[in-house]
Amino acid sequence: MIIIGNLVPDLVSIFMRVKGITIFPFIFLRPTATEININHEKIHIRQQLELLVVLFYVLYFLDYAIGIIKYRNTRLAYKNITWEKEAYANQENFAYLKRRKWYAFVKYIK
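Computed from a predicted model, the values in this text were never measured in an experiment. In this numbering scheme, every chain counts its residues from 1 along its sequence in written order. For a predicted model such as this one, the threshold for reporting local features is a pLDDT of at least 70, and the threshold for listing and counting side-chain atom pairs is 80 or more; totals across whole chains, interfaces and linings nevertheless cover every residue. Excluded from the side-chain calculations are hydrogens and water; all other atoms, namely the structure's heavy atoms, are used.

**Q** Before we go on, may I ask you to explain helix α2 (residues 35-50) in this structure?
**A** Count 3.6 residues to each turn of an α-helix, and residues three or four apart come out pointing the same way. Numbered from the N terminus, helices here are DSSP runs of H or I no shorter than four residues, and strands are runs of E no shorter than two. To estimate the expected span of a helix, count its residues, drop one, and scale the result by 1.5 Å. Taking 1.5 Å of rise per residue, 16 residues should cover 22 Å, and α2 covers 23 Å from first to last C-alpha, within 8% of that figure. A positive backbone phi angle near 55° is found at L52, which sits one or two residues after α2.

**Q** What should I look at first to understand the packing of α2 against helix α5 (residues 82-90) in this one?
**A** Packed helices, taken two at a time, are described by their axes: the angle between them and the distance between them. Where helices are involved, their axes are fitted lines through C-alpha atoms of the stretch in contact, as for all axes, and angles between N-to-C directions lie from 0 to 180°. Interaxial distance between α2 and α5 falls to 9 Å at its minimum, and their mutual angle equals 140°. In this view, α2 runs oblique relative to α5, as classed from their interaxial angle. The two elements α2 and α5 cross, and the hand of that crossing is right-handed. Between α2 and α5, the contacting residues are N39, H40, I43, H44 and Q47 on the first element and W83, E84, E86, A87, Y88 and N90 on the second. Tallied by class, the residues present in the contact of α2 with α5 amount to 4 nonpolar, 5 polar and 2 charged. Any angle from 65 to 115 degrees is called roughly perpendicular, while one under 35 is roughly parallel, one over 145 is roughly antiparallel, and all others are oblique. Less than a right angle of anticlockwise turn of the near helix away from the far helix marks a crossing as left-handed, whereas a clockwise turn marks it as right-handed. Working rule for contacts: check all heavy atoms of both residues, and any pair within 4.5 Å makes them a contact. Lys, Arg, Asp and Glu make up the charged group, whereas Ala, Val, Leu, Ile, Met, Phe, Trp, Tyr, Cys and Pro make up the nonpolar group; the residues left over, Gly among them, are polar.

**Q** Sorry if this is basic, but what is going on with the layout of surface pockets here?
**A** Which parts of space are left empty comes out when a probe the size of a water molecule is rolled across the atoms. What the largest pocket holds in volume is close to 650 Å³. V18, G20, Y60, Y78 and E84 are, among the 29 residues lining the largest pocket, the residues nearest its centre. With 6 residues, α2 is the largest single contributor of residues to the lining of the largest pocket. Along the lines of polarity and charge, the residues of the lining of the largest pocket split into 17 nonpolar, 7 polar and 5 charged. The method works on a 1 Å grid over the protein atoms by themselves. A cavity is a set of points holding a 1.4 Å probe that cannot get out, a pocket is an open set with protein on both sides within 12 Å along at least five of seven lines, and residues with an atom within 4 Å of a point line them. Grid points are joined across faces, edges and corners, and a volume is the space filled by probe spheres set on the points.

**Q** How should the side chain of E84 be read in this particular structure?
**A** Mapped onto the elements, E84 comes out in helix α5. Burial classification: accessible surface area is computed with a 1.4 Å probe over protein chains only, and a residue below 20% of its type maximum counts as buried, one above 50% as exposed, and the rest as partly exposed. Positive charge is attributed to Lys and Arg, negative charge to Asp and Glu, and no charge count is given to His or to the chain ends. Salt bridges are counted wherever a side-chain nitrogen of Lys or Arg sits within 4 Å of a carboxyl oxygen of Asp or Glu. Buried and without a salt bridge, E84 has K79 as its closest oppositely charged side chain, separated by 7.4 Å. Nitrogen and oxygen atoms within 3.5 Å of one another constitute a polar contact, given that in protein one can donate a hydrogen and the other can accept it, and given that sequence-neighbouring residues count only through two side-chain atoms. Here Y78 takes part through its side chain, which lies 3.1 Å from a polar atom of the side chain of E84. When near neighbours in sequence (up to four residues on either side) are disregarded, E84 contacts H40, H44, Y60 and Y78.

In structure tokens form, the structure reads like this:
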């Protein structure tokens, strides 16, 4: 379910400016979101399903925390999160989710 509005993205943007966020089963997007942003977040929905949602968040934040230590830069740490790398690499491919294999994020692990 896609929810358009600034409230949730603004709350998350306290830490880092975001256009949207996926909190299963919801996708929260700013009114300025594009189809590319929507596709990016839909990729996250699939990733979350594969990891039974809770495990996704545990691994996602662990990957982010390791990135902060490694890069000493929050933006760089975010861009190097395994699941973000998959989403960014495929966000402009609107057929991606139709052909994506289960656990495709594995090839993006550092």
